[in-house]
Amino acid sequence: KSGFVSIIGRPNVGKSTFLNHVIGQKIAIMSDKPQTTRNKVQGVLTKENSQIIFIDTPGIHKPKHKLGDFMMKVAQNTLKEVDLVLFMINAEEGYGRGDEFIIERLKTIQTPVFLVVNKIDQIHPDKLLLLIEQYKELYPFKEIIPISALEGTNTTRLVEQIKSYL
Ligand code: GDP
Ligand code: MG
């Protein structure tokens, strides 16, 4: 199995940490230039019978100027073309205005979307359940997967779930 996966989410939710964890090299940080229009390969995870190509999708946020508007369109086209979108949120921060904007964009594409709730090492399990309930109301996520990218909790499970959608 092989396919393209785009990881989106507000800054600092842990996208690079997750990639570094699953790929095991510090490559995500190297290509982590914000405000670029080209979509780059951020990392490739190759296993015996599968390959996941992670694509960097900058610009999927509320545009502040005309150029931002163009980049938004580029980002949105990328989301249409990949096999799967991972929408990553920070469990600690919860729902924010940036999320609302991204969810509106997700409603315009057909690509399956997972909600990845990161930094679960920082939140009480009861609070995590409430957060998940809240997000379930907002969008029909194909899967909701709580992880800690830092500690590696559930990251293997997430990779397995990704594979089943490729
Ligand atoms: P990005 O902007 O989405 O790529 O976020 P980064 O991967 O750069 O992470 C932002 C910050 O959050 C860094 O200080 C990470 O160490 C921290 N971080 C990422 N994942 C976790 C996690 O699962 N738990 C905790 N406690 N911190 C995390
Ligand atoms: Mg990053």
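Conventions used here
Residues numbered from 1 in each chain as written. Chains lettered and ligands numbered in written order. Predicted model: local features only at pLDDT ≥ 70, side-chain atom pairs only at ≥ 80, totals over all residues. Near = placed C-beta within 6 Å. Helix = DSSP H or I, 4+ residues; strand = E, 2+ residues; numbered from the N terminus. Nonpolar A, V, L, I, M, F, W, Y, C, P; charged D, E, K, R; others polar. pLDDT = per-residue confidence, 0-100. Contact = placed C-beta atoms within 7 Å. Buried ≥ 20, exposed ≤ 12 C-beta atoms within 10 Å, placed from the backbone. Pairing = 2+ DSSP bridges. Axes fitted to C-alpha atoms, helices over the stretch in contact; angles between N-to-C directions.

A. Just the site of ligand 1, in detail. Near ligand 1, the surroundings consist of 15 residues, among which Gly14, Lys15, Ser16, Thr17 and Leu150 are the closest. When residues of the shell around ligand 1 are assigned to their parent elements, the largest contribution, three residues, is made by helix α1 (residues 15–23). Broken down by class, the residue content of the shell around ligand 1 amounts to four nonpolar, eight polar and three charged.

B. Spotlight on the confidence of the model for the protein chain. Looking at the protein chain as a whole, the pLDDT averages 85, with 86% of positions reaching at least 70. In this model residues 28–38 is a low-confidence stretch, pLDDT under 50, and it forms 15 contacts with partners more than four residues away in sequence or in other chains. The ipTM assigned to the predicted complex is 0.99, against a pTM of 0.89.

C. Just the environment of Glu151, in detail. Topologically, Glu151 is positioned in the loop between β6 (143–146) and α6 (155–163). The exposure class assigned to Glu151 is exposed, which follows from the 12 C-beta atoms found within 10 Å. Residues Glu151 and Phe18 lie 133 residues apart in sequence; the distance between their C-alpha atoms is 9.7 Å.

D. Molecular detail of unusual backbone geometry. Positive phi, close to 75 degrees, is recorded for Asn12, a residue that is not glycine. Within the fold, Asn12 resides in the loop between β1 (2–8) and α1. For Asn12, a count of 11 C-beta atoms within 10 Å corresponds to the exposed category. Residue Asn154 is not a glycine yet carries a positive backbone phi of 70 degrees. For Asn154, a count of 18 C-beta atoms within 10 Å gives the class partly exposed.

E. The sheet that holds strand β4 (residues 84–90), seen in detail. Strand order in the open sheet formed by six strands is β2-β3-β1-β4-β5-β6, and the pairing between neighbours is mixed. Edge positions in the sheet fall to β2 (41–47) and β6, since each of these pairs with one other strand and no more. Here the average twist between neighbouring strands, direction ignored, is 25 degrees. Contacts from α1 reach β1, β2, β3 (50–56), β4 and β5 (113–118) within the one sheet, and its direction differs from that of β2 by about 30 degrees. The strands touched by α6 are β1, β2, β3, β4, β5 and β6; relative to β6, the strand with the most contacts, the crossing angle is about 160 degrees.

F. Focus on the pairing of β3. For β1 and β3, the ladder comprises six bridges, and the chain directions are parallel. In the strand pairing of β3, Ile7 is matched with Asp56. As judged from the six bridges shared by β2 and β3, these two strands associate in the antiparallel manner. When the bridges of β3 are listed, Leu45 appears paired with Ile52. Between the end of β2 and the start of β3, which pair antiparallel, lie two residues.

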